Amino acid sequence: MVPVPSPLMERQSRPLALAEATHERHAWIELDLEAAYANLQALHGHTGAGVEIIAVVKANAYGHGVAGLAPALQAAGVERFAVAWLEEALLLRELGITRPIIVLSHTFPGDAGRAVERDITLTVHSIELGRALSTAAVAAGKTATVHVKVDTGLHRFGVPAEVAVALAEALRSLPGIDVEGLSTHMANADEADDGFSLVQAGRFAAVAERLPWVRYRHTANSATAIRRGGLRYEGVRLGLSLHGVLPPNTPGPALTPVLSLRARLARVAEVAPGEGVSYGLTWRADRPSRVGLVPVGYADGWRRALGNRGEVLVGGGRRPIVGRVAMDHFLVDVTDVPGAAEGTEVTLIGEQGGVRITAEDVATAAETISWDILASLGTRLPRLFHRKGTVEGIA
Ligand SMILES: *Cc1c(COP(=O)(O)O)cnc(C)c1O
């Protein structure tokens, strides 16, 4: 990690082992920076030389903690960053990110000045935003770098193909504006059949052909970058895969999940046969049971849907979540873990004793996707950034 003071991360002045840093914590997230580095190398190897990796670190780096992860990725050689909103881009600058940063989503013209001041690349969807950027850039004696996004079929953000060419040409004629990039985003990238990506790519290529002076094209998220070699262009926007998780239906290079979510039991209670646990008493003991209280709840992003469905690791094995998940707590059946007591470590996502629960496992149990599980992890959980078990910073 680069030695940059961060407004959000408290750096450790002496080497601190994870075990020491967590021995009296209720719940925490561990971020393995060596894994982040290895994933970057593996993905670079897969996408090939000449293709930039744009690290997508929106939504607090998919819940991982952008304060520690973004500087680490920059130090590891990531060429560019992307986020959804301007506020996230400005935070990256505060964190010491000096590489180009692309705002992927919408920006209002009133924010043009702030974007120019911090050299943020906006995705420009209207000539009004372009004019506001031009005015701000000329006033500041700078050049505003912009990208134009083509809506090739997702119908979310961007401008229709027929508008994109005219918009790019009009932006090009404004003083202080450099139209560097052209992008699009795929609708079916991680579906079993991603054939529609080729339809979208064809629409994109037709626009790109009419704008041969645009020098930086990007169309691929993780799934498309891994599956469709022909759609990588100058850069690929990697979010999930950079965090060590492959999208569904996407065999790819071996990656290591960067994030683990752990907690310590706050209490172990005896439950007699016939007694119920947690709100609504939706689970009842059918034998003399012991339940462990895990101090993580839906306020932390641990879904209420996991009640009576999900599993966590205690004592090196999978144990069932029993009863409903509450705002700050849930219960796990530790009847088969004789040593379980106050302070026993619980792994909610990650590896324990050679057994692993992945973000995909949690997503499947909660009937959602791994992006949703990771990005939902709450701000109450401290993020511990480490290399080989030595903590470098806490955010
Ligand atoms: C979030 C996002 C990405 C990253 O997607 P992953 O599947 O997580 O790699 C790429 N492009 C856009 C436009 C996005 O919004």
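Below is a short write-up of the structure. (Residues numbered from 1 in each chain as written. Predicted model: local features only at pLDDT ≥ 70, side-chain atom pairs only at ≥ 80, totals over all residues. Heavy atoms only, no water.)

## A word on the pattern of salt bridges
Taken as a whole and judged by the stated rule, the model has 25 salt bridges. One connected set of salt bridges, linked through shared partners, spans E30, R262, R264 and E345. (Salt bridge = Lys/Arg side-chain N within 4 Å of Asp/Glu carboxyl O.)

## Re the layout of surface pockets
Gaps between atoms show up when a probe of the same size as a water molecule is rolled over them. Taken as a whole, the largest pocket spans an internal volume of roughly 670 Å³. As for the largest pocket, its lining consists of 29 residues, and the residues nearest its centre are K58, R156, H185, N221 and W371. Elements with a minimum of two residues in the lining of the largest pocket: α3 (58–62), α10 (222–227) and α12 (370–375). Broken down by element, the lining of the largest pocket gets its largest block of residues, three residues, from α3. When grouped by side-chain class, the residues that make up the lining of the largest pocket number 17 nonpolar, six polar and six charged. (1 Å grid on protein atoms, 1.4 Å probe; cavity = no way out; pocket = protein on both sides within 12 Å on 5 of 7 lines; lining within 4 Å. Points joined across faces, edges and corners; volume = space filled by probe spheres on them. Helix = DSSP H or I, 4+ residues; strand = E, 2+ residues; numbered from the N terminus. Nonpolar A, V, L, I, M, F, W, Y, C, P; charged D, E, K, R; others polar.)

## A closer look at the packing of aromatic side chains
In this structure the tally under the stated criterion is two aromatic pairs. Measuring from centroid to centroid gives 5.3 Å for F204 and Y233, while their planes differ by 70°, and the two rings are edge-to-face. Of this pair, F204 sits in helix α9 (residues 196–210) while Y233 sits in the loop between α10 and β11 (235–238); the two residues are 29 residues apart in sequence, bridging distant segments of the chain. Judged by relative accessible area, which is 0%, F204 ranks as buried. Between W302 and F330, the aromatic rings sit 5.8 Å apart at their centres with planes inclined by 20°, giving stacked as the arrangement. Taken together, the residues span a long stretch of sequence, with W302 in the loop between β16 (289–294) and β17 (311–314) and F330 in strand β19 (residues 330–333) at a distance of 28 residues. (Phe/Tyr/Trp six-rings, centres within 6.5 Å; stacked < 30°, edge-to-face > 60°. Buried < 20%, exposed > 50% of the residue type's maximum accessible area, 1.4 Å probe, protein only.)

## Some details on the site of the ligand
If you check the shell around the ligand, you find 14 residues, and the closest are K58, Y62, S222, R237 and L240. For the ligand, an oxygen atom lies 3.5 Å from a polar atom in the side chain of R156. One of the backbone N or O atoms of L240 is found 2.8 Å from an oxygen atom in the ligand. Surface burial for the ligand is 92%, taken as the share of its 390 Å² of free accessible area covered by protein chains. Where the shell around the ligand is concerned, the elements lending two or more residues are α3 and β11. For the shell around the ligand, a count of residues per class yields six nonpolar, four polar and four charged. (Near = heavy atom within 4 Å. Polar contact = N/O pair within 3.5 Å; in protein donor to acceptor, adjacent residues only side chain to side chain. Areas by Shrake-Rupley, 256 points an atom, 1.4 Å probe, with all protein chains shown as cover.)

## Side note on the side chain of T107
For T107, the location among the structural elements is in the loop between β5 (101–103) and α6 (112–117). Excluding its chain neighbours within four sequence positions, the residues that come into contact with T107 are L86, L122, H125 and L129. (Contact = heavy atoms within 4.5 Å.)

## Quick word on empty space enclosed by the protein
A full pass over the atoms with the stated rule returns three cavities of 30 Å³ or more. One number sums up the size of the largest cavity: a volume of about 90 Å³. If you trace the largest cavity, you find 14 residues lining it, with V245, P257, L259, I349 and A359 closest to the centre. Counting only elements with at least two residues in the lining of the largest cavity, the list comes to β20 (345–352), β21 (355–357) and α11 (359–365). Considered class by class, the residues forming the lining of the largest cavity number eight nonpolar, four polar and two charged.

## Concerning the packing of helix α2 (residues 33–47) against helix α4 (residues 66–75)
Two packed helices can be described by the angle between their axes and the distance between those axes. Their axes nearest at 10 Å, the elements α2 and α4 cross at an angle of 45°. Taken together, the axis directions place α2 and α4 in an arrangement best described as oblique. As for the relative orientation of α2 and α4, their crossing is right-handed in sense. Between α2 and α4, the contacting residues are L33, A36 and L40 on the first element and G68, L69, A72 and L73 on the second. Looking at the contact of α2 with α4 residue by residue, the class counts come to six nonpolar, one polar and no charged. (Axes fitted to C-alpha atoms, helices over the stretch in contact; angles between N-to-C directions. Parallel < 35°, antiparallel > 145°, perpendicular 65-115°, else oblique. Left-handed = near helix turned anticlockwise from the far one by under 90°.)

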